[in-house]
Amino acid sequence: MAKNEQKVMAFVEKELAANPGISTTDLFDKAKKVDAGVNSLSLRQFNARFPLQIKRKQSLAKPGRKRTGSTGGGRRRSRQGQEEQRLAVRKVFLRFATELSAAEERRDLVEVLSKVDDYVADAIKATGR
């Protein structure tokens with residue numbers, strides 16, 4: 001682990017700004033000279049901890065970029081469609097709760113809980129996925 005993470009982060013950020021095409025291996029070798037604690041990291045750990053974090057922060061800072069994980073290729077659902085889905089999922093949960101509360105003995109309770117995957121499948125089906 002780097003002893004002075006902020007110093008390494010600043011160095012990596014400066015290097016990436018000066019040379020955006022620099023390889024991770026070269027960056028790693030240079031960072032080892034800045035802080036000997038970087039030697040304890042693997043190349044993969046170094047990349048995840050420093051360059052990737054900086055690149056992610058920079059990509060989020062670009063104007064006009066969406067900050068969601070969505071690729072934008074999905075279909076849009078109408079309010080009415082969303083409401084219908086919500087009601088369908090609610091119906092599945094209420095059916096589960098009803099069967100759960102109707103269980104009088106322990107074996108009945110276990111039987112209802114053993115069907116939890118069926119309830120999950122029904123809920124997923126209700127969302128149209």
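You'll find the structure just up there.
Residues numbered from 1 in each chain as written. Predicted model: local features only at pLDDT ≥ 70, side-chain atom pairs only at ≥ 80, totals over all residues. Heavy atoms only, no water.

Asks: So what exactly am I meant to see when it comes to the overall build of the protein here?
Replies: Assigned secondary structure in the protein consists of 7 helices and 0 strands. Along the protein, from the amino end to the carboxyl end, the secondary structure elements read α-α-α-α-α-α-α. Looking at the protein as a whole, 21% of its 129 residues are labelled buried. Here the analysis covers contacts within the protein between residues at least 6 apart in sequence; of these, 51% occur between residues at least 24 apart. Summed over all atoms, the accessible surface of the protein reaches about 9900 Å², with 51% contributed by carbon and sulfur. (Helix = DSSP H or I, 4+ residues; strand = E, 2+ residues; numbered from the N terminus. Buried < 20%, exposed > 50% of the residue type's maximum accessible area, 1.4 Å probe, protein only. Contact = heavy atoms within 4.5 Å. Areas by Shrake-Rupley, 256 points an atom, 1.4 Å probe, with all protein chains shown as cover.)

Asks: Even after reading the chapter, I still don't get the pattern of salt bridges, so can you show me in this structure?
Replies: Two side chains with opposite charge may pair up if their charged atoms get near one another. Within this structure, the stated rule accounts for 6 salt bridges. Glu15 is paired through a salt bridge with Lys30; the nearest N and O atoms lie 3.4 Å apart. You can see Glu15 sitting in helix H1 (residues 5–18) and its partner Lys30 sitting in helix H2 (residues 24–34), a full 15 residues away along the chain. (Salt bridge = Lys/Arg side-chain N within 4 Å of Asp/Glu carboxyl O.)

Asks: Would you take a moment to explain helix H5 (residues 79–102) for this structure?
Replies: Residues three or four positions apart in an α-helix share a direction because the helix packs 3.6 residues into each turn. Across its 24 residues, H5 extends 34 Å between first and last C-alpha, which sits within 8% of the 34 Å expected from 1.5 Å per residue. Every buried residue of H5 is accounted for by Gln85, Val89, Val92 and Phe96. Where H5 is buried, its residues contact helix H6 (106–114) and helix H7 (116–126). (Expected span 1.5 Å × (residues − 1).)

Asks: Help me understand a nonpolar patch on the surface, please; the structure alone is not making it clear to me.
Replies: A contiguous nonpolar patch, built from Val116, Val120 and Ile124 and spanning about 220 Å² of accessible area, is present on the exposed surface. Turning to its location among the elements, Val116 is positioned in helix H7. (Patch = residues over 30% accessible without salt bridge, like charges linked within 9 Å, V, L, I, M, F, W, Y side chains within 5 Å.)

Asks: Where do I start with the nonpolar core in this structure?
Replies: Nonpolar side chains in soluble globular proteins tend to end up buried together. Grouped together as the largest cluster of nonpolar side chains are 13 residues, with contacts concentrated most on Val8, Val12 and Phe46. Counting only elements with at least two residues in this core, the list comes to H1 and H2. Broken down by element, this core gets its largest block of residues, 4 residues, from H1. For Phe46, the residues in contact, after removing those within four places along its chain, are Val8, Val12, Thr24, Leu27, Phe28, Ala31, Val38, Leu41 and Pro51. In terms of nonpolar packing, the next biggest core, distinct from the first, is built from 6 residues, Val89, Val92, Tyr119 and Ala123 among them. (Core = buried A, V, L, I, M, F, W, Y, C linked by side-chain atoms within 4.5 Å.)

Asks: Please clarify how the side chain of Asp35 should be interpreted in this entry.
Replies: Looking at the secondary structure, you find Asp35 in the loop between H2 and helix H3 (43–49). A distance of 2.7 Å separates a polar side-chain atom of Asp35 from the backbone nitrogen of Asn4. (Polar contact = N/O pair within 3.5 Å; in protein donor to acceptor, adjacent residues only side chain to side chain.)

Asks: Even after reading the chapter, I still don't get the packing of H1 against H2, so can you show me in this structure?
Replies: Between two packed helices, both the angle of their axes relative to each other and the distance between the axes serve to describe the pair. It is at 10 Å that the axes of H1 and H2 come closest, and there the two elements cross at 140°. Here H1 is positioned oblique relative to H2, judged by the angle of their axes. The hand of the H1/H2 crossing is right-handed. Only Leu27, Lys30, Ala31 and Val34 of H2 make contact with H1, whose side of the interface consists of Lys7, Val8, Phe11, Val12, Glu15 and Leu16. Taken together, the residues of the contact of H1 with H2 break down into 7 nonpolar, no polar and 3 charged. (Axes fitted to C-alpha atoms, helices over the stretch in contact; angles between N-to-C directions. Parallel < 35°, antiparallel > 145°, perpendicular 65-115°, else oblique. Left-handed = near helix turned anticlockwise from the far one by under 90°. Nonpolar A, V, L, I, M, F, W, Y, C, P; charged D, E, K, R; others polar.)

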